[in-house]
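Descriptive analysis of the structure
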Amino acid sequence: MSVKKRLIISMTGATGAIYGVRMLQVLQTQSEWESHLVISSAGLVNLKHELNMTRDELSELADFTHGINDIAATIASGGFKTEGMIIAPCSMKTLAAVAHGFGDNLISRGADVVLKERRRLVVMPRETPLHLVHIRNMAIVTEMGGIMFPPMPAFYSKNNSISAMVDETVGRILDMFDVDVIGLYTPWEGL
Ligand SMILES: Cc1cc2nc3c(=O)[nH]c(=O)nc-3n(C[C@H](O)[C@H](O)[C@H](O)COP(=O)(O)O)c2cc1C
């Protein structure tokens, strides 16, 4: 029996819902991966505002969707094996909760589990400009082993569309989990 690798995709109320959506779309094409989606209430607001998408439409892209307050969900326990979690996009509020182990919803609890089990946590923080607490919280999560991956476009790639810029970031993050990202972006090959 082949067991699929599980990846948690969490989406919060920071701008950039497209990043989480693209990650789910890519995972949908990969038979060996199983996606677990959690989206916050503010994330749903932005999903509607930025992409005109509903929760149901988003859920169709995921293998499993968990309620933000379902603290008894599989992914709330370390006994449920996953390859890790990506928070894309991550608000400063959720970043603060993750940095301080404040697991009051399934995103912050899920991240807490990933960190305590020493699994991979990739956080896509989205805010600008940053104040000291934002920076300190990023440092704390980094010290715990989390990876900060702000969505910063690489202009040397000469992408000519927003979707190409998004795919480059999505590709680089999913590549960290060894998801097949061929075609999403072209790695730098020198001048
Ligand atoms: C259109 C819109 C854009 C937002 N963008 C950001 C953002 O980029 N970063 C951020 O930290 N918060 C942003 N916020 C505020 C968060 O949604 C808010 O702090 C919320 O409480 C976050 O909750 P959550 O982390 O549970 O999703 C935005 C809100 C709206 C309505």
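For the structure itself, consult the block above.
Residues numbered from 1 in each chain as written. Predicted model: local features only at pLDDT ≥ 70, side-chain atom pairs only at ≥ 80, totals over all residues. Heavy atoms only, no water.

Attention shifts here to the side chain of Thr94. One can find Thr94 in helix H4 (residues 92–99). With near-sequence residues (within four places) excluded, Thr94 lies in contact with Thr12, Ile87 and Ile107. (Helix = DSSP H or I, 4+ residues; strand = E, 2+ residues; numbered from the N terminus. Contact = heavy atoms within 4.5 Å.)

This part covers the sheet that holds strand E4 (residues 84–90). Pairing in this open sheet of six strands is parallel, and the strands run E3-E2-E1-E4-E5-E6 from one edge to the other. Here the strands that pair on one side only, and so sit at the sheet edges, are strand E3 (64–66) and strand E6 (147–148). The pairing of strand E5 (residues 120–125) with E6 spans two bridges and is parallel. For Val123, the partnering residue across the bridge sits in E6 and is Met148. The sheet contacts of H4 involve E4, E5 and E6, and relative to E4 the element is tilted by about 145°. In the packing of helix H7 (residues 162–175) onto the sheet, contacts are made with strand E1 (5–11), E4 and E5, and the angle to E5 comes to roughly 160°. (Pairing = 2+ DSSP bridges. Axes fitted to C-alpha atoms, helices over the stretch in contact; angles between N-to-C directions.)

A separate point is the packing of aromatic side chains. Overall, the coordinates contain one aromatic pair when judged by the stated rule. Aromatic side chains Tyr156 and Trp188 sit 5.2 Å apart centroid to centroid with 65° between the ring planes, which places their arrangement in the edge-to-face category. With Tyr156 in the loop between E6 and H7 and Trp188 in the segment after H7, this residue pair connects regions lying 32 residues apart in the sequence. What makes Trp188 exposed here is its relative accessible area of 51%. (Phe/Tyr/Trp six-rings, centres within 6.5 Å; stacked < 30°, edge-to-face > 60°. Buried < 20%, exposed > 50% of the residue type's maximum accessible area, 1.4 Å probe, protein only.)

As a further point, take the side chain of His134. Structurally, His134 can be placed in helix H6 (residues 132–143). Judged by its relative accessible area of 11%, His134 falls in the buried class. When sequence neighbours within four positions are dropped, the list of residues in contact with His134 reads Met92, Leu95, Glu127 and Pro129.

A word on the site of the ligand. Around the ligand, 13 residues are found, and the nearest of them are Gly13, Ser40, Ser91, Thr94 and Arg126. Between the ligand and Met92, the relevant distance is 2.8 Å, taken from an oxygen atom to a main-chain nitrogen or oxygen of the residue. With respect to the ligand, the side chain of Glu127 contributes an N or O atom lying 3.4 Å from a nitrogen atom. Bound to the protein, the ligand loses 67% of the 640 Å² it would expose on its own. When residues of the shell around the ligand are traced back to their parent elements, those giving at least two are helix H2 (41–51) and H4. By residue number, the principal contributor to the shell around the ligand is H4, which donates three residues. In terms of residue class, the shell around the ligand is made up of three nonpolar, seven polar and three charged. (Near = heavy atom within 4 Å. Polar contact = N/O pair within 3.5 Å; in protein donor to acceptor, adjacent residues only side chain to side chain. Areas by Shrake-Rupley, 256 points an atom, 1.4 Å probe, with all protein chains shown as cover. Nonpolar A, V, L, I, M, F, W, Y, C, P; charged D, E, K, R; others polar.)

Summed over the entire model, instances satisfying the criterion amount to four salt bridges. Of the charged contacts in the structure, one is a salt bridge between Arg6 and Glu34, with a shortest N-O distance of 3.2 Å. Placement of the pair is Arg6 in strand E1 and Glu34 in strand E2 (residues 33–39), with a sequence separation of 28 residues. Glu34 sits in the buried class, given a relative accessible area of 15%. A salt bridge links Arg126 to Glu127; its shortest N-O distance comes to 3.7 Å. Assessed through its relative accessible area of 28%, Arg126 is described here as partly exposed. Overall, the relative accessible area of 35% leaves Glu127 in the partly exposed class. (Salt bridge = Lys/Arg side-chain N within 4 Å of Asp/Glu carboxyl O.)

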